[in-house]
Amino acid sequence: MENLGLGKVLLVEDDERLAGLIAHFLSQHGFDVRVVHRGDEALEAFLDFTPKMVVLDLMLPGQSGLQVCREIRRVSDTPIVILTAKEDDLDHILGLESGADDYVIKPIKPPVLLARLRALQRRQAPEPTVRGALAFGRLAIDRSCRVVSLGDERIDLTTMEFELLWLLASNAGSILSRDDILNRMRGIAFDGLNRSVDVYISKLRAKLNDNPREPVCIKTIWGKGYLFNPFAWEV
């Protein structure tokens, strides 16, 4: 198949058969894939290959996928999709808290993984028809440069954190349910068990100095969802 130039993907997976299957499938759909089978070789490969996205298994020899995720996140905001054999929400939350942007549960269905990667690509792509910047008092969000500032301080956000903040801020004053957020950010329906939205909200509040016990900037509307308060940033 003709290479469509969709970007470079680093695949970190110790199961050689599975890694070969995923790499072949993604290559057929236009991605340039490099495969690493050990966790302790992942960061070096990442720095050498400079991928646009990372697909990362959590159970790896040499170093855990969670540690690899944290190491990559220290040096880059490149989107990371974790692969996990566990359906336990705790496993997913640990991955997200380590800096991952999304996850796929094993056994892997390559078309599902492909859809997740393409969704991450769309979120990275510039959107000239969308407003390029939002400002609420001390908070400024520049979508074109992907920069967030709170007063004189620049706030470092991951790709998913930035997209969530932009979504909330673009709907300032309106309540967004978890279902709304997941549908608009991942294109999948909220299953009633997925707590990833709560994790990202918690991380955003911490980075934006919103009181986690009594948040006023990103408010929890019990039984309904979350509300971005456009007036909370004036102080």
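Since this is a predicted model, take the numbers as computed values, not measurements.

What counts, and at which threshold
Along each chain, residues carry numbers from 1 onward, in the same order as the chain's sequence is written. Reporting in this predicted model follows two pLDDT cut-offs: at least 70 for local features of residues, and 80 or more for side-chain atom pairs to be given and counted; totals over whole chains, interfaces and linings ignore these cut-offs and use all residues. The side-chain values count all of the structure's non-hydrogen atoms but skip hydrogen atoms and water molecules. Going along the chain from the N terminus, every DSSP run of H or I of four or more residues is numbered as a helix, and every run of E of two or more is numbered as a strand. For every residue, the accessible area obtained with a 1.4 Å probe (protein chains only) is divided by the maximum for its type, and the residue is called buried under 20%, exposed over 50%, and partly exposed between those limits. Two N or O atoms count as a polar contact when they lie within 3.5 Å, although within protein this holds only if one can serve as hydrogen donor and the other as acceptor, and sequence-adjacent residues are included solely when both atoms are side-chain atoms. When a carboxyl oxygen of Asp or Glu lies within 4 Å of a side-chain nitrogen of Lys or Arg, that pair is called a salt bridge. Pairs of strands are assigned from DSSP output, requiring at least two bridges between the strands. Orientation is described by lines fitted to C-alpha atoms, with helices fitted over the stretch in contact, and by angles between N-to-C directions that extend from 0 to 180 degrees. When checking whether two residues touch, look at their non-hydrogen atoms; a contact exists if any pair is within 4.5 Å. Throughout, a crossing is termed right-handed when the near helix is turned clockwise from the far one, and left-handed when it is turned anticlockwise from it by less than a right angle. Here, the term nonpolar core denotes a set of buried Ala, Val, Leu, Ile, Met, Phe, Trp, Tyr and Cys residues that are joined through side-chain atoms within 4.5 Å. Here the arc refers to the directions that run from the helix axis out to each C-beta atom.

1. Section: the side chain of Asp-57
Part 1 of the reasoning: Along the polypeptide, Asp-57 turns up in strand 3 (residues 53-57).
Part 2 of the reasoning: Overall, the relative accessible area of 3% leaves Asp-57 in the buried class.
Part 3 of the reasoning: A distance of 3.3 Å separates a polar atom in the side chain of Asp-57 from a polar atom in the side chain of Lys-106.

2. Some remarks on the pattern of salt bridges
Part 1 of the reasoning: Tallied over the full model, the rule gives 11 salt bridges.
Part 2 of the reasoning: The partner of Glu-163 in a salt bridge is Arg-143, with the nearest N and O atoms 3.4 Å apart. Of the two residues, Glu-163 is situated in helix 6 (residues 159-170) and Arg-143 in the loop between strand 7 (139-142) and strand 8 (147-150); the sequence distance between them amounts to 20 residues.
Part 3 of the reasoning: Exposure remark for Arg-143: the relative accessible area of 10% places this residue in the buried category.

3. With respect to the sheet that holds strand 2 (residues 31-36)
Part 1 of the reasoning: Taken together, the five strands give an open sheet; going across it, the order is 2-1-3-4-5, and neighbouring strands pair in parallel fashion. Pairing within the sheet leaves two strands with one partner each, and these edge strands are strand 2 and strand 5 (102-105). On average, each strand axis in the sheet is tilted by 20 degrees relative to the strand beside it, whichever way the strands run.
Part 2 of the reasoning: The pairing of strand 1 (residues 7-12) with strand 3 spans four bridges and is parallel. Residue pairing for strand 3: Leu-10 is matched across the bridge by Val-54.
Part 3 of the reasoning: Contacts from helix 1 (residues 16-28) reach strand 1, strand 2 and strand 4 (80-84) within the one sheet, and its direction differs from that of strand 2 by about 165 degrees.

4. Some remarks on the packing of helix 2 (residues 42-49) against helix 3 (residues 65-75)
Part 1 of the reasoning: Packing of helix 2 against helix 3 brings their axes to within 9 Å, and their N-to-C directions diverge by 35 degrees. Judged by the twist between their axes, the crossing of helix 2 over helix 3 is right-handed. Facing helix 2, whose interface residues are Ala-42, Leu-43, Phe-46 and Leu-47, helix 3 presents Val-68, Glu-71, Ile-72 and Val-75.

5. Quick word on the nonpolar core
Part 1 of the reasoning: Residues Leu-26, Leu-113, Ile-141, Leu-168, Ile-181 and Phe-228 are the most contacted members of the largest nonpolar core, which totals 52 residues.
Part 2 of the reasoning: Considering every element that reaches this core, the biggest residue donor is helix 6, with eight residues.
Part 3 of the reasoning: Contacts of Ile-141, omitting those with residues within four sequence positions, involve Gly-132, Ala-133, Leu-134, Val-147, Val-148, Phe-162, Leu-165, Trp-166 and Ala-169.
Part 4 of the reasoning: Formed by 19 residues, the second largest nonpolar core is a distinct cluster that contains Leu-10, Val-54, Leu-66 and Cys-69.

6. As for helix 2
Part 1 of the reasoning: For helix 2, the full list of buried residues reads Ala-42, Ala-45, Phe-46 and Phe-49. With its buried residues spanning 105 degrees around the axis, helix 2 presents them on a single face. Residues of helix 2 that are exposed and point more than 90 degrees away from the buried face comprise Glu-44, Leu-47 and Asp-48.
Part 2 of the reasoning: Buried residues along helix 2 sit in contact with strand 1, strand 2, strand 3 and helix 3.
Part 3 of the reasoning: In the stretch just after helix 2, Thr-50 is the one whose phi turns positive, near 45 degrees.

7. Details of the pairing of strand 6 (residues 133-136)
Within a regular strand, the side chains alternate between the two sheet faces.
Part 1 of the reasoning: Going residue by residue along strand 6, you find Leu-134 and Phe-136 tucked away on one face and Ala-133 and Ala-135 left uncovered on the opposite face.
Part 2 of the reasoning: Direction of pairing for strand 6 relative to strand 7: antiparallel, over a ladder of four bridges. The partner of Ala-133 across the bridge, within strand 7, is Asp-142.
Part 3 of the reasoning: Hairpin connection of strand 6 to strand 7: two residues between the antiparallel strands, including Gly-137 at a positive phi of 60 degrees.

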